[in-house]
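# Close look at the chain arrangement
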Amino acid sequence: MPDLKFENANALYIHLPFCTSKCPYCDFYSVKYSKQRVDLYWAALFMELEELTHKVNNHLLQTIYLGGGTPSLVAPFFIGELIKKIKNKFRVIPAAEITIEINPASITEEKIIALKRAGINRLSVGIQSFNDQHLNFLGRRSSSENNKKILTLVDQYFDSYSADLIFALPEQSLKEFEIDLEEMLKFNPPHISLYNLEIHENTPFYQRYNQGELKLPTEEVDAEMYELALKKLKTAGYQHYEISNFARRGYRARHNYIYWLYQPYLALGPGAAAFDGNCRSQNLSDLSLYLKYYNPQNLSFAEFLESEVSQPAGRFRQNKQNQEIKIRELNCLSKKEKMAEYSFLALRTAKGLFYHKFYCQFKVDFKSLYKEEIAELKENNLIEEGNERIYLTDRGKEVANKVFLKFLLD
Ligand code: SF4
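Residues numbered from 1 in each chain as written. Predicted model: local features only at pLDDT ≥ 70, side-chain atom pairs only at ≥ 80, totals over all residues. Heavy atoms only, no water.

In the annotation of an unreviewed UniProt entry, the entry for the chain reads Heme chaperone HemW, and the organism field reads Halanaerobium saccharolyticum. Comment text from UniProt for the chain, heading Function (unreviewed entry), reads "Probably acts as a heme chaperone, transferring heme to an unknown acceptor. Binds one molecule of heme per monomer, possibly covalently. Binds 1 [4Fe-4S] cluster. The cluster is coordinated with 3 cysteines and an exchangeable S-adenosyl-L-methionine." Per UniProt, the chain carries the Subcellular location (unreviewed entry) text "Cytoplasm". (UniProt positions renumbered as here; feature names shortened; annotations may be inferred.)

## With respect to the sheet that holds strand β16 (residues 383-386)
If you walk across this open sheet you meet the three strands as β15-β17-β16, and the pairing is antiparallel. Edge strands, defined here as strands with exactly one partner in the open sheet, are β15 (353-354) and β16. With four bridges connecting them, β16 and strand β17 (residues 389-392) associate as antiparallel partners. Of the residues in β17, the one forming a bridge with G386 is R389. Along the sheet, helix α16 (residues 371-379) contacts β16 and β17; its crossing angle with β16, the most-contacted strand, is approximately 115 degrees. (Pairing = 2+ DSSP bridges. Helix = DSSP H or I, 4+ residues; strand = E, 2+ residues; numbered from the N terminus. Contact = heavy atoms within 4.5 Å. Axes fitted to C-alpha atoms, helices over the stretch in contact; angles between N-to-C directions.)

## With respect to the sheet that holds strand β11 (residues 266-268)
Reading across the sheet, the nine strands line up as β9-β10-β8-β7-β6-β5-β4-β1-β11 and stay open at both edges, with mixed pairing between neighbours. This sheet does not close on itself; its edge strands, each paired only once, are β9 (239-242) and β11. Strand-to-strand twist in this sheet, taken as the mean axis angle between neighbours without regard to direction, amounts to 20 degrees. As paired elements, strand β6 (residues 122-128) and strand β7 (residues 160-167) share five bridges and run parallel to each other. Bridging across to β7, R122 finds its partner in S160. Running over the sheet, helix α5 (residues 144-157) touches β5 (91-102), β6 and β7 and is turned about 165 degrees from β6.

## Overview of the site of the ligand
If you check the shell around the ligand, you find C19, S21, K22, C23, Y25, C26, G69, T70, N103 and R140 and nothing else. Class assignment of the residues belonging to the shell around the ligand gives a composition of four nonpolar, four polar and two charged. (Near = heavy atom within 4 Å. Nonpolar A, V, L, I, M, F, W, Y, C, P; charged D, E, K, R; others polar.)

## Structural notes on a negative patch on the surface
On the surface, a cluster of negative charge is contributed by E219, E220, E224 and E227. Judged by its relative accessible area of 55%, E220 is exposed. (Patch = residues over 30% accessible without salt bridge, like charges linked within 9 Å, V, L, I, M, F, W, Y side chains within 5 Å. Areas by Shrake-Rupley, 256 points an atom, 1.4 Å probe, with all protein chains shown as cover. Salt bridge = Lys/Arg side-chain N within 4 Å of Asp/Glu carboxyl O. Lys, Arg positive; Asp, Glu negative; His and termini not counted. Charge placed at Lys NZ, Arg CZ, Asp CG, Glu CD. Buried < 20%, exposed > 50% of the residue type's maximum accessible area, 1.4 Å probe, protein only.)

## Some thoughts on the UniProt feature "domain: Radical SAM core" (unreviewed entry) in the chain
Per the UniProt entry, the sites bearing "domain: Radical SAM core" (unreviewed entry) are residues 4-239 in this numbering. For residues 4-239, the helix share is 43%, the strand share is 22%, and the end-to-end C-alpha distance is 36 Å.

## A few points about the pattern of salt bridges
Following the criterion strictly, the structure yields 19 salt bridges and no others. For R328, the salt bridge goes to E48, with nearest N and O atoms at 3.2 Å. Of this pair, R328 sits in strand β14 (residues 328-332) while E48 sits in helix α1 (residues 35-53); the two residues are 280 residues apart in sequence, bridging distant segments of the chain. We classify E48 as buried; its relative accessible area is 3%. With a closest N to O distance of 3.6 Å, E178 and K232 form a salt bridge. Of this pair, E178 sits in helix α6 (residues 174-187) while K232 sits in helix α8 (residues 219-235), and the two are 54 residues apart along the sequence. Among the charged side chains, a salt-bridge network with shared partners connects K175, E178, E182 and K232.

## With respect to unusual backbone geometry
Here the bond from G68 into G69 is cis, since omega is 20 degrees, no more than 30 degrees from zero. Structurally, G69 can be placed in the loop between β4 (60-68) and α2 (76-89). Within the chain, N202 stands out as a residue other than glycine whose phi angle is a positive 60 degrees. Inspection of the secondary structure puts N202 in the loop between β8 (191-196) and α7 (204-210). Given the relative accessible area of 76%, N202 is considered exposed. The phi dihedral of K363 is positive, around 55 degrees, even though this residue is not glycine. With respect to the secondary-structure elements, K363 resides in the loop between α14 (355-362) and α15 (366-369).

## Describing the packing of α5 against α6
Each pair of packed helices can be summarised by the angle the axes make with each other and by the distance between the axes. Between α5 and α6, the shortest axis-to-axis distance is 10 Å and the interhelical angle comes to 30 degrees. The pairing of α5 with α6 is recorded here as roughly parallel in orientation. Crossing hand, α5 versus α6: right-handed. Between α5 and α6, the contacting residues are K148, L151, T152 and D155 on the first element and E183, M184 and F187 on the second. (Parallel < 35°, antiparallel > 145°, perpendicular 65-115°, else oblique. Left-handed = near helix turned anticlockwise from the far one by under 90°.)

Take a look at the structure:
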């Protein structure tokens, strides 16, 4: 399989695919956490990192993001070693944003401090709700009280962090969501992400939804919740800089912004996807396969570190055995697909899509290409046009997926 060659990727995503149990709405790739699995995984991850360094021309990193799964289940020692290794292999800028996702159910004050010492400078906290009934229904193992305790600790130790809420939950009323928002605002987090509950195929919620067991709020209530959030967060001084994201000045998520700007990014771990500006390369979501490919000798992490001392460079070698394993899928996009994707992503941001940037990227005039679509969306008050750009109106943000469909080309 041809490999990607990264010219200008400045962001690195690392997938840590371990969870204590599976939340019934979640379609992220994860397996059950065990110490032994993490140990084997870390040796494999270092091997993939080694391999990655040979595919990258420009070793400058501005952001590193550790997502999951539940990265906070992993001992901070591993995180520290990983960051050290990345800094050894890449030029990580001094002001780099280094984020880890944490779950209030698997974090303690000691771990928060240890993560900071390990080099993490931003936390993304999966609060999801402050309502015990909803947390329980979502399969979250934290309580409202624990969520508040953890947010207090996070705020004490970290200047930069984000807190997530999910809305439009089964049986959730507008009032209940308003209480969630108000609870969140008491902490005044520098960054807030708000996600609409999505029912994904191959999840227990999908089955229950199809059997009529999940009573989701109506589209009207869903829209009212979103409008309420926009109003409350604006009044509280947050900039609504992306459909689902709100930040105080200076606290936008720099890593995610690289995705929205359609810039290339690197990725490590099973299920993780990298993008070189033309093609997306996705590691298969299969930890066993990943371990077989990168760590066929089943080295523990300590053994791996020892072996590195005796063979300091180029530990990872393709051999006959792993050449036969298909570890990732490559998906190269047509120009039309890229133009559509670029448009969706740019329109997610408050700044919207600038015509001249689109032209620089594709040598195509956006206004001529989408003349009819722009006119129709403007007429329906879903987008606005100004200063050589288009951007979503508040109504457009509510039905963003429908707007995005307009930019798909035959
Ligand atoms: S903890 Fe996060 S990644 Fe794990 S199953 Fe729940 S939502 Fe998914």
